[in-house]
Amino acid sequence: PPRNVAVIVGSLRKASLNRKLALAIAALAPPTLKLSIVEIGDLPLFNEEWEANPPKPAADFKAAIQAADAVLFVTPEYNRSVPGALKNAIDVASRPYGKSAWSGKPGAVISASPGAIGGYGANHHLRQSCVFLNIPLLPHEAYIGQAHTLFDDAGNLKNDGTKDFLNQFLARFGPWIESNLPK
Ligand code: FNR
């Protein structure tokens, strides 16, 4: 069976470039990887008062992360960091202490922006959280700049260079997952 990869998109808007990118990557993925977006838009803001007994959307999100073999973050950059909605989702599934859903789950980070530096700041803040969360993170970097130029109206990638880059990313991520799954 394919490895299930939970894809977390850092933008909540319907027309999100990062969502388009996530869907394009899911379509490019080999049969050994099944990429599915796990939504974060209906999560309540994390509150430590309820961490032992979380609201259903929070519990469901954590369970979806727990059930996945691996995680892929595809995120924009907001003010040189990750969007609050994404950080909230990370926090929700990380608690209570010692019961994090992220720990040991192989992962990868892709950032995309209409700007020239492809969400570098968000990418690296996110990588820092992944270190703390014990997510064995694919070393290969992916900063997708000029993201507003990459898709046609149907959301298909327009140029082969980007497709090649993403295929190469996936070709590294698959073996990375296999060699970093919890023993
Ligand atoms: C942005 N944007 C942005 N872009 C960037 O490259 N670096 C940044 O620091 C920021 N900061 C920022 C803050 C906020 C609050 C917003 C709403 C936007 C622009 C951002 O990259 C652009 O809107 C993307 O299209 C957002 O990603 P999605 O929604 O298209 O996936």
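Check the entry above for the structure.
Now for a description of the structure that goes with this document. (Residues numbered from 1 in each chain as written. Predicted model: local features only at pLDDT ≥ 70, side-chain atom pairs only at ≥ 80, totals over all residues.)

A look at the pairing of strand β1 (residues 3-9)
Now for step 1: Summarising burial for β1: five of the seven residues are buried, a large majority.
Now for step 2: Between the parallel pair β1 and strand β2 (residues 33-37), the chain is carried across by helix α1 (residues 17-28), and the sense of this crossover is right-handed.
Now for step 3: In the sheet, β1 pairs with strand β3 (residues 70-75) via five bridges, with the strands oriented parallel. Opposite A6, over in β3, you have V71 as the bridge partner. (Buried ≥ 20, exposed ≤ 12 C-beta atoms within 10 Å, placed from the backbone. Helix = DSSP H or I, 4+ residues; strand = E, 2+ residues; numbered from the N terminus. Right-handed = clockwise from strand over helix to strand, strands pointing away. Pairing = 2+ DSSP bridges.)

Description of the site of the ligand
Now for step 1: Surrounding the ligand, one finds 14 residues, the nearest of these being S11, S16, L17, N18 and P76.
Now for step 2: Grouping the constituent residues of the shell around the ligand by class yields four nonpolar, seven polar and three charged. (Near = placed C-beta within 6 Å. Nonpolar A, V, L, I, M, F, W, Y, C, P; charged D, E, K, R; others polar.)

Re the environment of G41
Now for step 1: Considering the arrangement of structural elements, one finds G41 in the loop between β2 and α2 (56-67).
Now for step 2: Here the alpha-carbon distance between G41 and A85, two residues 44 residues apart in the chain, equals 7.1 Å.
Now for step 3: Other than its neighbours up to four places away in sequence, G41 contacts L12 and A85. (Contact = placed C-beta atoms within 7 Å.)

Comments concerning unusual backbone geometry
Now for step 1: The peptide bond linking R95 to P96 adopts the cis configuration, its omega dihedral lying at -5°.
Now for step 2: Position of P96 among the secondary structure elements: in the loop between α3 (84-92) and β4 (107-112).
Now for step 3: Notably, N79 is not glycine yet its phi reads approximately 50°, a positive angle.
Now for step 4: Structurally, N79 is set in the loop between β3 and α3.
Now for step 5: Among the residues examined, N79 registers 9 C-beta atoms within 10 Å and is labelled exposed.

Some remarks on the sheet that holds β1
Now for step 1: Read from one edge of the open sheet, five strands run β2-β1-β3-β4-β5, paired in parallel fashion. In this open sheet, the two edge strands, each paired with only one partner strand, are β2 and β5 (143-144).
Now for step 2: Pairing analysis gives five bridges linking β1 to β2, with the strands arranged parallel. Within β2, the residue paired with R3 across the bridge is L33.
Now for step 3: Strands in contact with α1 are β1, β2, β3, β4 and β5; relative to β1, the strand with the most contacts, it is inclined by about 165°. (Axes fitted to C-alpha atoms, helices over the stretch in contact; angles between N-to-C directions.)

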